[in-house]
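Here is how the chains run, residue by residue.
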Amino acid sequence: MTAVIERRFDTDRRTATSGIRSVVAAAVSLVAIAATLAVSARPAQAAGCRSAPYSATFGLSDPFMAFDGVEVASAPYGGTYRTTTQCRDIQVKNIGYGGSDGAPFHACVVFSGRATCANGWTYVGPGQWKNLATNVKDGTRFNIWISVNLGTYYGARAVGDW
(Lines give C-alpha, C1' and ligand atoms only; values in the text may rest on other atoms or scores of the structure.)
Protein backbone atom coordinates (compact mmCIF):
# COMPACT_ATOMS: atom_id res chain seq x y z
CA MET A 1 0.00 0.00 0.00
CA THR A 2 1.21 3.34 -0.91
CA ALA A 3 0.22 6.28 1.15
CA VAL A 4 -0.89 9.34 -0.70
CA ILE A 5 -0.38 12.62 1.06
CA GLU A 6 -2.90 15.09 -0.04
CA ARG A 7 -2.07 18.73 0.40
CA ARG A 8 -5.15 20.52 1.50
CA PHE A 9 -5.31 24.26 2.15
CA ASP A 10 -7.18 25.07 5.25
CA THR A 11 -9.34 28.17 5.14
CA ASP A 12 -8.23 29.18 8.64
CA ARG A 13 -4.59 29.12 7.56
CA ARG A 14 -5.33 31.28 4.51
CA THR A 15 -7.16 33.82 6.65
CA ALA A 16 -4.34 33.94 9.18
CA THR A 17 -1.73 34.32 6.44
CA SER A 18 -3.65 37.01 4.62
CA GLY A 19 -4.26 38.76 7.96
CA ILE A 20 -0.54 38.78 8.70
CA ARG A 21 0.17 40.08 5.21
CA SER A 22 -2.38 42.86 5.73
CA VAL A 23 -0.82 43.87 9.05
CA VAL A 24 2.70 43.83 7.54
CA ALA A 25 1.52 45.88 4.54
CA ALA A 26 -0.16 48.41 6.83
CA ALA A 27 2.96 48.66 9.00
CA VAL A 28 5.20 49.20 5.97
CA SER A 29 2.81 51.89 4.71
CA LEU A 30 2.82 53.68 8.07
CA VAL A 31 6.62 53.59 8.24
CA ALA A 32 6.83 55.01 4.72
CA ILE A 33 4.39 57.80 5.56
CA ALA A 34 6.21 58.61 8.81
CA ALA A 35 9.57 58.70 7.01
CA THR A 36 8.16 61.05 4.38
CA LEU A 37 6.75 63.38 7.02
CA ALA A 38 9.99 63.36 9.01
CA VAL A 39 12.09 64.14 5.97
CA SER A 40 9.81 66.95 4.87
CA ALA A 41 9.64 68.45 8.41
CA ARG A 42 13.38 68.53 9.15
CA PRO A 43 14.57 71.16 6.65
CA ALA A 44 11.88 73.64 7.73
CA GLN A 45 13.08 73.50 11.34
CA ALA A 46 16.79 73.51 10.61
CA ALA A 47 16.72 76.30 8.05
CA GLY A 48 14.27 78.62 9.78
CA CYS A 49 14.39 81.27 12.44
CA ARG A 50 13.42 80.75 16.04
CA SER A 51 15.01 77.32 16.21
CA ALA A 52 18.02 76.37 18.29
CA PRO A 53 20.88 76.92 18.12
CA TYR A 54 20.11 80.62 18.35
CA SER A 55 22.41 83.36 17.07
CA ALA A 56 23.06 84.80 20.55
CA THR A 57 22.15 84.75 24.23
CA PHE A 58 22.28 87.98 26.21
CA GLY A 59 20.81 89.73 29.21
CA LEU A 60 21.13 92.23 32.00
CA SER A 61 21.33 91.41 35.70
CA ASP A 62 21.78 93.17 39.03
CA PRO A 63 22.02 90.39 41.62
CA PHE A 64 23.21 92.79 44.36
CA MET A 65 20.43 95.33 43.67
CA ALA A 66 22.92 98.18 43.24
CA PHE A 67 20.67 99.90 40.70
CA ASP A 68 17.18 101.19 41.38
CA GLY A 69 15.17 102.09 38.32
CA VAL A 70 15.28 101.53 34.58
CA GLU A 71 18.67 100.59 33.15
CA VAL A 72 19.69 100.10 29.52
CA ALA A 73 22.35 97.65 28.38
CA SER A 74 23.84 97.04 24.95
CA ALA A 75 24.50 93.56 23.60
CA PRO A 76 27.01 92.33 22.70
CA TYR A 77 29.15 94.03 25.32
CA GLY A 78 32.03 94.46 22.87
CA GLY A 79 31.64 94.65 19.12
CA THR A 80 28.51 94.06 17.08
CA TYR A 81 26.28 91.27 15.88
CA ARG A 82 25.99 90.54 12.16
CA THR A 83 22.89 89.29 10.36
CA THR A 84 23.05 85.93 8.59
CA THR A 85 21.25 84.14 5.79
CA GLN A 86 19.35 82.11 8.41
CA CYS A 87 16.73 84.84 8.98
CA ARG A 88 15.53 87.97 7.26
CA ASP A 89 14.49 89.54 10.56
CA ILE A 90 16.18 90.44 13.82
CA GLN A 91 14.17 88.65 16.50
CA VAL A 92 14.47 88.28 20.27
CA LYS A 93 12.81 85.98 22.78
CA ASN A 94 12.49 86.72 26.46
CA ILE A 95 13.59 83.45 28.12
CA GLY A 96 12.72 84.72 31.59
CA TYR A 97 9.87 83.18 33.50
CA GLY A 98 8.41 86.44 34.82
CA GLY A 99 9.79 86.08 38.35
CA SER A 100 12.25 88.45 39.99
CA ASP A 101 15.07 87.22 37.71
CA GLY A 102 12.99 86.93 34.53
CA ALA A 103 11.83 90.45 33.85
CA PRO A 104 9.80 91.65 30.92
CA PHE A 105 11.91 94.16 29.01
CA HIS A 106 11.90 96.59 26.14
CA ALA A 107 14.35 96.01 23.28
CA CYS A 108 15.45 97.80 20.16
CA VAL A 109 17.98 97.35 17.39
CA VAL A 110 20.70 99.94 16.79
CA PHE A 111 22.44 99.58 13.45
CA SER A 112 26.19 100.33 13.29
CA GLY A 113 26.96 103.97 12.74
CA ARG A 114 23.67 105.04 14.33
CA ALA A 115 23.11 106.35 17.84
CA THR A 116 19.42 105.63 18.30
CA CYS A 117 16.93 102.79 18.03
CA ALA A 118 15.96 102.15 14.42
CA ASN A 119 12.34 101.16 15.00
CA GLY A 120 11.64 102.36 18.53
CA TRP A 121 11.37 100.25 21.65
CA THR A 122 9.45 96.95 21.57
CA TYR A 123 7.95 95.34 24.69
CA VAL A 124 9.02 91.68 25.10
CA GLY A 125 7.11 89.78 27.77
CA PRO A 126 8.31 86.53 29.37
CA GLY A 127 8.31 83.66 26.86
CA GLN A 128 7.52 85.92 23.89
CA TRP A 129 9.27 86.28 20.52
CA LYS A 130 9.29 89.77 18.98
CA ASN A 131 10.65 91.14 15.71
CA LEU A 132 12.87 94.17 16.22
CA ALA A 133 13.58 94.71 12.52
CA THR A 134 12.30 93.02 9.36
CA ASN A 135 13.85 92.35 5.94
CA VAL A 136 17.37 93.22 7.08
CA LYS A 137 20.14 92.75 4.52
CA ASP A 138 22.57 89.87 5.21
CA GLY A 139 25.84 90.98 6.81
CA THR A 140 24.36 94.08 8.48
CA ARG A 141 26.08 94.98 11.76
CA PHE A 142 23.99 95.96 14.77
CA ASN A 143 23.60 96.00 18.55
CA ILE A 144 20.56 95.22 20.64
CA TRP A 145 19.63 97.49 23.52
CA ILE A 146 17.49 96.13 26.33
CA SER A 147 15.79 98.22 28.97
CA VAL A 148 14.87 96.63 32.32
CA ASN A 149 13.34 98.05 35.48
CA LEU A 150 15.96 96.96 38.01
CA GLY A 151 13.97 98.54 40.82
CA THR A 152 11.45 95.69 40.44
CA TYR A 153 13.47 92.84 38.88
CA TYR A 154 16.97 91.43 39.31
CA GLY A 155 17.49 91.06 35.58
CA ALA A 156 16.36 89.75 32.22
CA ARG A 157 17.57 87.05 29.84
CA ALA A 158 17.01 86.65 26.12
CA VAL A 159 18.01 84.78 22.99
CA GLY A 160 18.16 86.28 19.55
CA ASP A 161 17.98 84.93 16.04
CA TRP A 162 18.95 86.73 12.87
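Residues numbered from 1 in each chain as written. Predicted model: local features only at pLDDT ≥ 70, side-chain atom pairs only at ≥ 80, totals over all residues. Heavy atoms only, no water.

Relative to the elements of secondary structure, N94 occurs in strand β4 (residues 90-94). Within the local environment of N94, its side chain forms a polar contact with the backbone oxygen of V124, the two atoms lying 3.1 Å apart. When residues no more than four places from it in sequence are discounted, the contact partners of N94 are A103, P104, F105, V124, G125, P126, G127, Q128 and R157. (Helix = DSSP H or I, 4+ residues; strand = E, 2+ residues; numbered from the N terminus. Polar contact = N/O pair within 3.5 Å; in protein donor to acceptor, adjacent residues only side chain to side chain. Contact = heavy atoms within 4.5 Å.)

It is worth spelling out the state of the cysteines at this point. All chains considered together, the criterion is met by two disulfides. Two residues share a disulfide in this structure: C49 and C87, whose sulfurs sit 1.9 Å from each other. Of this pair, C49 sits in the loop between α1 (11-47) and β1 (56-61) while C87 sits in the loop between β3 (81-82) and β4, placing them 38 residues apart in sequence. On the basis of relative accessibility, which here comes to 26%, the residue C49 falls in the partly exposed class. Of note for the protein chain: the bonded cysteines, numbered N- to C-terminal, pair according to 1-2, 3-4. (Disulfide = S-S within 2.5 Å. Buried < 20%, exposed > 50% of the residue type's maximum accessible area, 1.4 Å probe, protein only.)

Take the environment of N119 next. Secondary-structure assignment places N119 in the loop between β5 (105-111) and β6 (122-124). Sequence spacing of N119 and V109 is 10 residues, and the spatial spacing of their C-alpha atoms is 7.2 Å. The contact partners of N119, leaving out residues within four places of it in the chain, are L132 and A133. At a separation of 2.9 Å, a polar atom in the side chain of N119 contacts the main-chain carbonyl oxygen of L132.

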